[in-house]
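So the chains spell out like this:
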Amino acid sequence: MSGKRSFWQRAAAAPHMVWSVLFIIAPLIFVLYYSFTDSQGNFTLDNIKSIFNQKYVVIFVNSVTLAVIATLICLVIAYPLAYIFSRMRERWQKIAILLTMLPLWMNFLITTYSWMTLLEDTGVINSILKKIGLNPIHMINTPGAVVVGMVFCFLPYMILPIYSVMAGLDVQLIEAAADLGCNSFKILTKVIMPMSVSGVVSGITMVFVPSISTFFISQKLGGGTFQLIGDTIEGYFTGTAINYNVGASLSLILMILILISMAIMNRYTDTEDTKGRPML
Amino acid sequence: MNGKKIIELRGITKSFDGEMVLDNIDLDIYDNEFITLLGPSGCGKTTTLRIIAGFETPDAGDVFFDGKRINDVPPYKRHINTVFQKYALFPHLNVYENIAFGLRIAKVPEKEISARVKEMLALVNLRGFERRRVTTLSGGQQQRVAIARALINNPRVLLLDEPLGALDLKLRKDMQNELKNMQHKTGITFIYVTHDQEEALSMSDTVVVMNAGKIMQIGTPTDIYNEPVNAYVADFIGESNIIDGLMISDKRVAFAGHRFDCVDTGFAPNEPVDVVIRPEDVDVVPVERGMLTGRVTTVTFKGVHYEVIVDIAGFKWMIQTTDYVAPDAEIGIYIEPDAIHVMKKSEYSGMFGDYSSYSEELDLLSENIEEDEEVNDDEKSAEYEEEEL
């Protein structure tokens, strides 16, 4: 790039700059401000300290556990699916990807409500079970229901990056592996898997981050029987016990947690020079 | 050809989307030979190679390896390795691991792997590159890694699909020699695919000229060059003047309004024939000593020689001479009897060997088009492969 950009080139970036400052930078500054001040606006570390007690640690552990489980389930479903998609004829690939993205076009609040009607004690699934003479199963308001909600809402974000890496793999590499003695299984483990790491890393990041911070899914499908970190933060900003300072501190800690896990994940892709780049 | 047959193709036919790519191919490949499939893009040479490798299955016909039918043997079970056109090195592995790949799959002990990789690196002149990432290598170096990766498995047959196509001229010449040496040293049968006739002639023991899914001629490079079977082969292998002639009797042929002595026999009296005369076999002489005379239309300096287009009785000849002749000059030409090659008439008669539309720009243009087609060809076969998986 040669040095100076023209006035108009810079002007073209202005709307995005304004947007970033207003809706990304400013909120971050507010989070920092509230985290380190008390209700009078004086500097304090009490908010941060208050988080390191058992109540919040349990909430964090629960949140991480559910998010990890949801992410792993997404990975187990998405990886073979993405592989199958990438091996289909081009026309079918397009249809498969369209079907994958279809749920994303729906508001995920609506999706979550739909899952409520499915999972309720008197919901669709239990009605069907009763009809065919089986005992109803209690599903709503359990951690399992929350995980199902997370998996359903975030699965496309796992499939798409893995698929895009796999679809970009050079067919000649697969032929070369076959030529050098690999059967289909070894082609998968020796070539396709190592070369799709970057897609897996993007997928994990894109599922894990929204899973760990969700509050709506856990409220509707968890029914408030247990609290996740997202619910807790939301409670401090909109609930009955409003406390911006503790809420902001929790957000800050959550952000730091996410940044650390993303940094760890990206270390895996640093050494790989595969075709697809991580999307985050 | 001595030695025993290692690969036999019998009646191989293959079409893609209703388009015939190989039309009833029969080919014997012998142990230890360097055989080249030569032809323009789309002639079926790469498909033939892929059928031997096992990446494609023929619609009809059989492939035999050591006398055993291998149509249904998957690629990973064949004692055949391939050097791919675009190298197809594994980007997630370094040079050492790329070369060791086949041995690791075969679960060869670590100690032996290390020794054999070392040996291969020496053979392809890449000592000290073990830990380098393949993406940091130059085209020529990647090519060597690809060759080492294939050769280390001690295949019975090595397939090379236009392996030098992406290299520059100088490097290509060096690699041609190195490949030839490697073939001698290892004694492995090389099946080489190229559209470059010079490459085919200089490297091969046997050349197979293909066109439109058919084999035109199989022979040694000198046979193919000196005794082409038809106008297509004569034109594809180097420059040639191809003239309508009449075989008067054995060793007497008439063309361009004159009768010439030649060395060919076995034609019917007064049989119409195609006569091939290579541009370098025509001597320029003063008009009064010429067997034929004509007027020079263009002269192009080519470094080693001049390329001269001469109008002889309305037919444009190409002549290569080291002596300068001036445009528009009247010259005589002289042809030795053994420089005249007589061929039977074929479906290709009259299609090649006339330089009346000759122009350098056109030449360049058609070369570019050919290269473009080559790329499309690859993409096509890649697509087909994908569908199969």
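In this text the structure is predicted, and so the values were computed from the model without any measurement.

Undergrad: Before we go on, may I ask you to explain the pattern of salt bridges in this structure?
TA: Side chains carrying opposite charge are able to pair once their charged atoms draw close together. Residue and element names in this part refer to chain B. Here the structure, examined in full by the defined rule, presents 26 salt bridges over all chains. Among the ionic pairs, Glu-178 bridges to Arg-144, the shortest N-O distance being 3.2 Å. Remark: Arg-144 occurs in helix H4 (residues 139-151) and Glu-178 occurs in helix H5 (residues 169-186); sequence separation between them is 34 residues. The exposure class assigned to Glu-178 is buried, which follows from its relative accessible area of 19%. Note on Arg-144: relative accessible area 12%, which makes it buried. We note a salt bridge from Glu-271 to Lys-344, for which the minimum N-O separation is 3.5 Å. Remark: Lys-344 occurs in strand S20 (residues 341-344) and Glu-271 occurs in strand S14 (residues 271-277); sequence separation between them is 73 residues.

Undergrad: Is there a simple way to think about the sheet that holds strand S19 (residues 330-335) of chain B in this case?
TA: In a beta sheet, neighbouring strands pair by backbone hydrogen bonds and run either parallel or antiparallel. Residues and elements named next belong to chain B. The strand order across the open sheet formed by five strands is S15-S19-S16-S17-S18, and the pairing between neighbours is antiparallel. Across the chains shown, the open sheet's two edge strands, defined by having one partner strand only, are strand S15 (282-285) and strand S18 (315-321). Going from strand to strand, the sheet's axes swing by 45° on average, the running direction of each strand aside. Bridge count between strand S16 (residues 292-301) and S19: four bridges; the pairing is antiparallel. Bridging from a neighbouring strand, Arg-295 pairs with Glu-330 of S19.

Undergrad: Sorry, what's going on with the nonpolar core here?
TA: Within soluble globular proteins, side chains that are nonpolar tend to cluster in buried spots. Judged by nonpolar contacts, the single largest core of 81 residues is most densely connected at Leu-221 of chain A together with Ile-7, Phe-90, Phe-101 and Ile-191 of chain B. Residue contributions to this core peak at 13 residues, all from helix H7 (residues 143-167) of chain A. The contact partners of Phe-90 of chain B, leaving out residues within four places of it in the chain, are Leu-173, Ala-176, Ala-177, Leu-180 and Val-191 of chain A together with Asn-98, Phe-101, Val-134 and Arg-149 of chain B.

Undergrad: Before we go on, may I ask you to explain the environment of Thr-117 of chain A in this structure?
TA: All names here are of chain A. Along the chain, the position of Thr-117 falls in helix H5 (residues 108-119). Classification of Thr-117 as partly exposed rests on a relative accessible area of 42%. Sequence-wise, Thr-117 and Ile-84 are 33 residues apart; in three dimensions their C-alpha atoms are separated by 32 Å. Setting aside anything within four residues of it in sequence, one finds Thr-117 in contact with Gly-123 and Val-124.

Undergrad: Looking at this model, I keep getting lost on unusual backbone geometry. Mind explaining?
TA: It is generally the case that most residues other than glycine have a negative phi and that most peptide bonds are trans. Residue and element names in this part refer to chain B. Backbone geometry places Asp-66, a non-glycine residue, at a positive phi of 55°. Classification of Asp-66 by relative accessible area gives partly exposed; the value is 32%. The backbone phi angle of Asp-328 is positive, close to 75°, even though this residue is not glycine. Along the chain, Asp-328 falls in the loop between S18 and S19.

Undergrad: What should I look at first to understand the side chain of Ser-211 of chain A in this one?
TA: Residues and elements named next belong to chain A. Locating Ser-211 in the fold gives a position in helix H10 (residues 197-213). For Ser-211, a relative accessible area of 1% gives the class buried. Within the structure, the side chain of Ser-211 is placed 2.7 Å from the backbone oxygen of Val-207, a separation counted as a polar contact. Apart from the residues within four sequence positions on either side, Ser-211 is in contact with Ala-67, Ala-70, Met-150 and Phe-154.

Cut-off values and rules
- Residues numbered from 1 in each chain as written.
- Chains lettered and ligands numbered in written order.
- Predicted model: local features only at pLDDT ≥ 70, side-chain atom pairs only at ≥ 80, totals over all residues.
- Heavy atoms only, no water.
- Salt bridge = Lys/Arg side-chain N within 4 Å of Asp/Glu carboxyl O.
- Helix = DSSP H or I, 4+ residues; strand = E, 2+ residues; numbered from the N terminus.
- Buried < 20%, exposed > 50% of the residue type's maximum accessible area, 1.4 Å probe, protein only.
- Pairing = 2+ DSSP bridges.
- Axes fitted to C-alpha atoms, helices over the stretch in contact; angles between N-to-C directions.
- Core = buried A, V, L, I, M, F, W, Y, C linked by side-chain atoms within 4.5 Å.
- Contact = heavy atoms within 4.5 Å.
- Polar contact = N/O pair within 3.5 Å; in protein donor to acceptor, adjacent residues only side chain to side chain.

Spatial relationships are all this shows, so hold off on functional conclusions.
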